[in-house]
Amino acid sequence: MAVVTDPQPPARTDPPASPDAGRRRIVAMTIWAVAFVAAWLGIGLPTDPAYAFVWIWLGTIAWNSDRPWRSHLRFARDWVPVVLLLAAYNLSRGFADNGATPHAMELIVADRFMFGWATGGEVPTVWLQEHLYRPQVHWWDIAASWVYFSHFIVALAAAAVLWMRDRHRWAAYMRRWGFLCAAGLATYFIYPAAPPWWAAQNGLLTEVARISTRGWKAFGMHGAGNVLNAGQIASNPVAAMPSLHTAFALFVVLFFLHTTRRRWWPLLLAYPLAMTFTLVYSGEHYVIDVLVGWTYVGLTYLVVGLAERGWRSLRARQATEPPTTGPPPPRAETPTPPIPANH
């Protein structure tokens, strides 16, 4: 069932697909899916940007296996700068604290102020784990692990679909995504903040377990989170404000919301809410981190949208203004009327 209501793309000018294109796509996507599951079980889920890009690129190759190789190489050419920026972003987060003591108490105070009336004075993370966290894994732990993992793949996968459908919209998507990442990274340097599990380890909260990946163990997939767990160990533990996990979730939903039928809006908007529950329950973020992340999304759309409109206005003025270089054209002289002869 189609949910996107974009205008129909222009007619394709490339050669028509062969009769075997559908069968070829099914075979190629089956091979891709089998290889993905094997790598997932053996290595881990693709949470590293470069690793995720490889699988997304292979997926586009399998989906468009009838296209010439130059089309697939154009995908790599457009995406390599994006992957490099994401890799630099992940590496730079690890240096955001600069050895300074992270902010923690003000975040705890903020969450207690907003929700203490309903949680008995506890922050929501502690209250949720007291009511839901058990030694055995439940279905909500499994759902939380999958929602948490989706942060690392949904934004990239949506960008890949946009690239294949409409490169102009892909560029608009990437401008906003890049701005959001840059704003979040700048905040990590200016205001290093610790998540609830760090606060608990340092005696600022009662016991909080970091349980974002425990749901996979219910299926015996102990290696499913290897890459993610390694990344969590190596990453900066005090880059919690704002929560870019929920910011990315809301960002993707808002980008596609206006091209989606209204009856699907509740389903789309449930995604950032599910991400919020996952992060707060698993000890990764406070609610205040989430609210600030959503605020950053709004500012991103506002600032980038205004910049784009200003750029278009500037280009339009430049296109309508006459050229100002070179000497002015010579003025046409009015011919002098002939003097009548005297008779």
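Participant: Where do I start with the overall build of the protein in this structure?
Facilitator: Looking only at helices and strands, one finds 13 helices and zero strands in the protein. Helices and strands appear in the protein in the N-to-C order α-α-α-α-α-α-α-α-α-α-α-α-α. Restricting to contacts in the protein with at least 6 residues of sequence separation, those with at least 24 account for 81%. Within the structure as shown, the protein displays about 19,700 Å² of accessible surface, and the carbon and sulfur contribution to it stands at 67%.

Participant: Just to check I follow, could you spell out the side chain of Arg176 for this structure?
Facilitator: Position of Arg176 relative to the elements: it lies in helix 8 (residues 167–190). Residue Arg176 is classed as buried on the basis of its relative accessible area, which comes to 9%. With residues near it in sequence (within four places) discarded, Arg176 still touches Phe251, Phe255, Thr300, Tyr301, Val304, Gly305 and Glu308.

Participant: Whenever I open this one, the packing of aromatic side chains confuses me. Can you help?
Facilitator: Applying the stated rule across the entire model yields 18 aromatic pairs. With a centroid separation of 5.0 Å and an interplanar angle of 90°, the aromatic rings of Tyr173 and Phe255 are classed as edge-to-face. Taken together, the residues span a long stretch of sequence, with Tyr173 in helix 8 and Phe255 in helix 11 (residues 244–257) at a distance of 82 residues. Neither Tyr173 nor Phe255 differs from the other in exposure class; each is buried. Their ring planes at 40° and their centres at 6.4 Å tell us that Phe251 and Phe255 sit as a pair that is tilted. Taken together, the residues span about one helical turn, with Phe251 and Phe255 both in helix 11 at a distance of four residues. Taking relative accessible area as the criterion, Phe251 reaches 1% and is therefore assigned buried.

Participant: Whenever I open this one, the nonpolar core confuses me. Can you help?
Facilitator: Soluble globular proteins tend to pack their nonpolar side chains together in the buried interior. In terms of nonpolar packing, the biggest core is built from 37 residues, with Trp79, Trp170, Tyr173, Met174, Trp177 and Leu180 touching the most fellow members. Counting residues in each nonpolar core, the second largest holds 16 residues, with Leu107, Val123, Val126 and Trp198 among its members.

Participant: Can you walk me through the packing of helix 12 (residues 265–281) against helix 13 (residues 287–320) in this structure?
Facilitator: Packed helices, taken two at a time, are described by the angle between their axes plus the distance between the axes. One way to put it is that helix 12 packs onto helix 13 with a least axis distance of 9 Å and a crossing angle of 145°. As helix 12 packs across helix 13, the resulting crossing turns out to be right-handed. Mapping the contact onto sequence places Pro272, Leu273, Thr276 and Val280 in helix 12 and Val287, Val290 and Trp294 in helix 13. Looking at the contact of helix 12 with helix 13, its residues break down into six nonpolar, one polar and no charged.

Participant: What's the story with helix 6 (residues 139–150) in this structure? I'm lost.
Facilitator: Each α-helix turn comprises 3.6 residues. Residues three or four places apart therefore point the same way. The end-to-end C-alpha distance of helix 6, which contains twelve residues, comes to 17 Å, matching closely the 16 Å that a straight helix rising 1.5 Å per residue would cover. Of all twelve residues making up helix 6, nine are buried, and the element is well covered by its neighbours. Listing the buried residues of helix 6 in full gives Trp140, Asp141, Ile142, Ala144, Ser145, Val147, Tyr148, Phe149 and Ser150.

Participant: Can you walk me through the confidence of the model for the protein in this structure?
Facilitator: The predicted coordinates ought not to be read in detail in places where the model reports low pLDDT. Per-residue confidence for the protein gives a mean pLDDT of 79; residues scoring 70 or more make up 76%. Across residues 1–14 the pLDDT falls below 50, and counting only partners more than four positions away or on other chains, this stretch makes 17 contacts in the model. Ignoring residues within four places in sequence, the model shows residues 227–234, a span with pLDDT below 50, making 16 contacts including any to other chains.

Participant: Even after reading the chapter, I still don't get the pattern of salt bridges, so can you show me in this structure?
Facilitator: If charged atoms from side chains of opposite charge come close, those side chains can pair. Counted according to the given criterion, the structure contains six salt bridges. Taking the shortest distance from any N to any O, the salt bridge between Glu284 and Arg210 comes out at 2.9 Å. Within this pair, whereas Glu284 is found in the loop between helix 12 and helix 13, its partner Arg210 is found in the loop between helix 9 (196–201) and helix 10 (226–234), the two being separated by 74 residues in sequence. Salt bridges sharing common partners tie together Arg77, Asp78 and Arg167.

Participant: Please explain the environment of Val304 as it appears in this structure.
Facilitator: Within the element layout of this structure, Val304 appears in helix 13. Sequence separation between Val304 and Leu180 is 124 residues, and the spatial gap between their C-alpha atoms is 9.8 Å. Residues within four places of Val304 in sequence aside, it is in contact with Arg175, Arg176 and Phe179.

Participant: How do you make sense of helix 13 when you look at a structure like this?
Facilitator: The end-to-end C-alpha separation of helix 13 is 50 Å, in line with the 50 Å expected for 34 residues at 1.5 Å each. Of the residues making up helix 13, those classed as buried are Val287, Ile288, Asp289, Val290, Gly293, Tyr296, Val297, Thr300, Val304, Gly305 and Glu308. The secondary structure elements touched by the buried residues of helix 13 are helix 4 (105–119), helix 5 (124–132), helix 8, helix 11 and helix 12.

Participant: Any chance you could explain empty space enclosed by the protein here in plain terms?
Facilitator: Rolled over the atoms, a probe sized like a water molecule indicates the empty space that remains. The full count for this structure, using the stated rule, is one cavity of 30 Å³ or more. If you go around the largest cavity, the residues you meet are His151, Val154, Ala155, His245, Phe248, Ala249, Val252, Tyr271 and Met275. Put simply, the parts of the chain that give the lining of the largest cavity at least two residues each are helix 7 (154–165), helix 11 and helix 12. For the lining of the largest cavity, the element with the most residues is helix 11, which contributes four residues. When the residues that make up the lining of the largest cavity are grouped by side-chain class, the tally is seven nonpolar, two polar and no charged.

What counts and how
- Residues numbered from 1 in each chain as written.
- Predicted model: local features only at pLDDT ≥ 70, side-chain atom pairs only at ≥ 80, totals over all residues.
- Heavy atoms only, no water.
- Helix = DSSP H or I, 4+ residues; strand = E, 2+ residues; numbered from the N terminus.
- Contact = heavy atoms within 4.5 Å.
- Areas by Shrake-Rupley, 256 points an atom, 1.4 Å probe, with all protein chains shown as cover.
- Buried < 20%, exposed > 50% of the residue type's maximum accessible area, 1.4 Å probe, protein only.
- Phe/Tyr/Trp six-rings, centres within 6.5 Å; stacked < 30°, edge-to-face > 60°.
- Core = buried A, V, L, I, M, F, W, Y, C linked by side-chain atoms within 4.5 Å.
- Axes fitted to C-alpha atoms, helices over the stretch in contact; angles between N-to-C directions.
- Left-handed = near helix turned anticlockwise from the far one by under 90°.
- Nonpolar A, V, L, I, M, F, W, Y, C, P; charged D, E, K, R; others polar.
- Expected span 1.5 Å × (residues − 1).
- pLDDT = per-residue confidence, 0-100.
- Salt bridge = Lys/Arg side-chain N within 4 Å of Asp/Glu carboxyl O.
- 1 Å grid on protein atoms, 1.4 Å probe; cavity = no way out; pocket = protein on both sides within 12 Å on 5 of 7 lines; lining within 4 Å.
- Points joined across faces, edges and corners; volume = space filled by probe spheres on them.

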